[in-house]
Each structure stands twice: as structure tokens, then as C-alpha cells.
Amino acid sequence: MARPENLSPSASDRMVDRAFRALLWCALRLPYRLRVPVAGWVISRLVAPLAGYSRRVRENLALVCPDLSKAEVRRLVRAVPDNVGRTTIELYSGKDFVDRIRDLPLTGPGAAALEAAHAAGRPVILATGHFGNYDVARGALVARGYSVGGLYKPMANPLFNEHYVAAISKIGKPLFPRGPRGLSDMVRFLKSGGMLGIVMDQRMIRGIPATFFGIRALTATSAADLALKYGADLIPIYGIRRPDGLNFDIHVENPIPHSNAATMTQAVNDNLEALVRQHMEQWFWIHRRWK
């Protein structure tokens, strides 16, 4: 839950932030090709067991994929936080990260529709999830001249939030915080023909009871609501990590047909679920998605 903005950082906030900054400083001293796998190893082998991530991955898998073999569960308990670590250091790598992704081609059945919307200056909602690296598509599109903004949820730790927003701003701007503070700027941007990236797979208390992996999962309808209200295409897009652990494919799905917010939101959930089933290690199974 986000901390009210008028509260000062707690002692715990300061301790966590200092530890993260120390790890970040060390990682950024390494060449990019080493820094990414090293960050994955540190999060997977050291942080995940201590922070309870390993337990949460097991619990989520037991809930929605109870038939997975023990060997596959063990693999995912290591592979999921490894992807989290890689993604985190990539987001903090600024130009190194953008230079690696800027020329990636758009692939998938919706690539032509996205390119056509860009050429026509039409607004687009780019729906994605905490999968692969969720900022690959935004960074690559901004680098090639697309007008793409990002909607983000401010973090509970204000110290962490400050440097996180600074880091993702280097990948591309504008950025809009969830809530009243960013709403008016975001609407103006979208109405001007901008594209807005929204990460949709977090539990939202005021969301609708859509399903994800067949289990009730509260999901925000904001992406569908904006698409319907402002006549924007709703296009799922993902940065899929390649087997080498360093490079990506940008996969664009067909636009979700306009109907109603609940139907469109469920379609996005179904789309993400299908992709996660193909690359189980690339989704953020650490989320309390079904709480």
C-alpha cells in the first residue's frame, strides 16, 4: 500500500534504501554483460530466501498451478527472482539499457496496428504486465521517436520511489503517478495522440473480480476505461527475455476490440496468462496477485 505523501521515511525505509543503494553502486561498477546476470544471481540466491520471495513463489504456484512437478517448482523458485534481479538492474542502467533495446523490431500480430496508430497520431493504451522486462517496449518506442508515457504506482518507501522514478525517467518520459496528481497531465497527453503504457497485473482493491489463471484476481479497469473514453486502441505489448538472459523480443498483440471495460480487462488478463504459460519464469510470481 502506498504511504501518504506527507509522512517521513521510517527507520526501516532508510535501512532498506541504504542496502539497496549499496548493492546498486556495486552492480553498476560492472560491465553491462556481467552486471545483469550478477544482479539476477544476487536476488535469486541471496535476497529471495531472506525476503520471503521464494516462499511466495511456491505459494502462488501451488494455488494456480498445483500440477507442476517438484522439479519445475524448484526451477521457478530460482528463475523468477533471477529475472527480477536482471530487470531491476536493467531499469537502473539508463543509456546502456536503452542502447541495447532501441533498435529491436516490433514482432507479433499487432505490430502493424501499432505502427499505423503511430503514423496517424492516434492515442494508444499499451497494456503490459510484470513480465520479461516491462519497460523494454516503452524504452524502445521512445528511442525511435514514438510519444510514449508511462503510468506508475508510487512505491511505499519514499526514498526508494525517488531514485526509482529518476531511473525510469532516463528510459523515457513523460511519467504519470497513479492518482489525482498525475491524472490531468496524463489525460492531456493521451488526448494529444500520445501512447500510454500501463502495467495491469497488480492487485487493485477497487478493481473488478476478473480471473487470472482461473482464479479471482482483482484487476483495475483503467486501461479499458481510458481506451473507451478517449477512443484509443488497447494493445497488449511485452518485452520477452531471450534465453541468453540479456536480449529481448518486443511482442505486440492484436488490439483488444472495444466493448465494455470488464470484457476488455478480462481479455488483457487472458492475453498475459497465455504468454506467461509459455515463459513461466518471466512473470513476477512474487506478487500477492490473488490475495
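In this text, all values refer to a predicted model and were calculated from it rather than measured experimentally.

So, how was this worked out
- Residues numbered from 1 in each chain as written.
- Predicted model: local features only at pLDDT ≥ 70, side-chain atom pairs only at ≥ 80, totals over all residues.
- Heavy atoms only, no water.
- Core = buried A, V, L, I, M, F, W, Y, C linked by side-chain atoms within 4.5 Å.
- Buried < 20%, exposed > 50% of the residue type's maximum accessible area, 1.4 Å probe, protein only.
- Helix = DSSP H or I, 4+ residues; strand = E, 2+ residues; numbered from the N terminus.
- Contact = heavy atoms within 4.5 Å.
- pLDDT = per-residue confidence, 0-100.
- Bend = angle between axes of the 7 residues up to and from the residue.
- Salt bridge = Lys/Arg side-chain N within 4 Å of Asp/Glu carboxyl O.
- 1 Å grid on protein atoms, 1.4 Å probe; cavity = no way out; pocket = protein on both sides within 12 Å on 5 of 7 lines; lining within 4 Å.
- Points joined across faces, edges and corners; volume = space filled by probe spheres on them.
- Expected span 1.5 Å × (residues − 1).
- Polar contact = N/O pair within 3.5 Å; in protein donor to acceptor, adjacent residues only side chain to side chain.
- Pairing = 2+ DSSP bridges.
- Phe/Tyr/Trp six-rings, centres within 6.5 Å; stacked < 30°, edge-to-face > 60°.
- Lys NZ or Arg CZ within 6 Å of the ring centre and 35° of its normal.

### Notes on the nonpolar core
Ranked by internal contacts, the top residues of the largest apolar core, which has 42 residues, are Leu114, Leu126 and Ile250. If you tally residues by element for this core, the top one is helix α8 (residues 158-171), at six residues. Excluding residues that lie within four positions of it along the chain, Leu126 makes contacts with Leu114, Leu141, Val148, Met195, Leu196, Gly197, Ile198, Ile235 and Ile237. Leu61, Val77, Phe131 and Trp285 belong to the second-largest nonpolar core, a separate cluster that totals 23 residues.

### Notes on the confidence of the model for the protein
Of the residues in the protein, 98% reach a pLDDT of 70 or more, and the chain-wide mean stands at 94. Counted against residues more than four places away or in other chains, residues 1-6, with its pLDDT under 50, gives nine contacts.

### A closer look at helix α2 (residues 32-51)
In an α-helix there are 3.6 residues to a turn, and that puts residues three or four apart on one side. Bending of α2 peaks at approximately 35° at the position of Ile43. Considered for burial, the residues of α2 that qualify are Tyr32, Arg35, Val36, Ala39, Gly40, Val42, Ser44 and Ala48. Packing partners of the buried residues in α2 comprise α1 (11-28), α3 (53-64), α4 (70-91) and α5 (95-101). Just past α2, the residue Gly52 takes up positive phi, approximately 85°.

### Considering the pattern of salt bridges
By the definition in use, this model includes 14 salt bridges. The closest approach of N and O atoms between Asp135 and Arg138, which form a salt bridge, is 2.8 Å. When salt bridges that share partners are traced, they join Glu72, Arg75 and Glu281 into one network.

### Thoughts on empty space enclosed by the protein
Within the structure shown, the criterion is met by one cavity of 30 Å³ or more. The volume enclosed by the largest cavity comes to roughly 50 Å³. Broken down by secondary-structure element, the contributors of at least two residues to the lining of the largest cavity are β2 (124-128) and α11 (261-278). Counting residues per element, the lining of the largest cavity draws most heavily on α11, at three residues.

### Describing α8
Over its 14 residues, α8 extends 20 Å from the first C-alpha to the last, a length consistent with the 20 Å expected when each residue adds 1.5 Å. Buried residues of α8: Leu159, Phe160, Asn161, His163, Tyr164, Val165, Ala167, Ile168 and Ile171, and no others. Tucked into the core, α8 has its buried residues touching α1, α4, α5, α7 (136-143), β3 (148-152) and β4 (175-177). Of the residues that open α8, the one with a side-chain oxygen 3.0 Å from the backbone nitrogen of Leu159 is Asn157.

### Some thoughts on the pairing of strand β7 (residues 215-219)
For a regular strand, the rule is simple: side chains alternate between the two faces of the sheet. The pairing of strand β6 (residues 208-212) with β7 spans five bridges and is antiparallel. Of the residues in β7, the one forming a bridge with Pro209 is Leu218. Turn length for the β6-β7 hairpin, with the two strands adjacent in sequence and antiparallel, is two residues, and the turn residue Phe213 shows positive phi of about 60°.

### So, unusual backbone geometry
With the exception of glycine, the majority of residues adopt a negative phi angle, and the majority of peptide bonds are in the trans configuration. A cis amide bond, omega 10°, links Lys173 with the succeeding residue Pro174. With respect to the helices and strands, Pro174 occurs in the loop between α8 and β4. Unlike most non-glycine residues, Phe213 shows phi in positive territory, near 60°. Relative to the helices and strands, Phe213 resides in the loop between β6 and β7.

### Topic: the packing of aromatic side chains
To describe a pair of aromatic rings, you give the distance between the ring centres and the angle between the ring planes. Applying the stated criterion to the full structure yields eleven aromatic pairs. Seen from their ring centres, Phe131 and Tyr238 are 6.0 Å apart, and the 80° between their planes marks the pair as edge-to-face. With Phe131 in the loop between β2 and α7 and Tyr238 in strand β8 (residues 233-241), this pair connects stretches of sequence that are 107 residues apart. When sorted by exposure, Phe131 lands in the same class as Tyr238, which is buried. An aromatic cluster is defined as three or more aromatic residues linked by ring pairs; in this entry it consists of Phe212, Phe213, Trp283, Trp285 and Trp290. Above the ring of Trp25, the side-chain terminus of Arg29 is found at 4.6 Å from the ring centroid.

### Points about the sheet that holds β2
Within the open sheet, the seven strands sit side by side as β1-β9-β8-β2-β5-β3-β4. Their pairing is mixed. The strands lining the two open edges of the sheet, one partner per strand, are β1 (106-107) and β4. Relative to strand β5 (residues 195-199), β3 runs parallel, the two sharing four bridges. Pairing of Gly149 across the sheet is with Leu196, part of β5.

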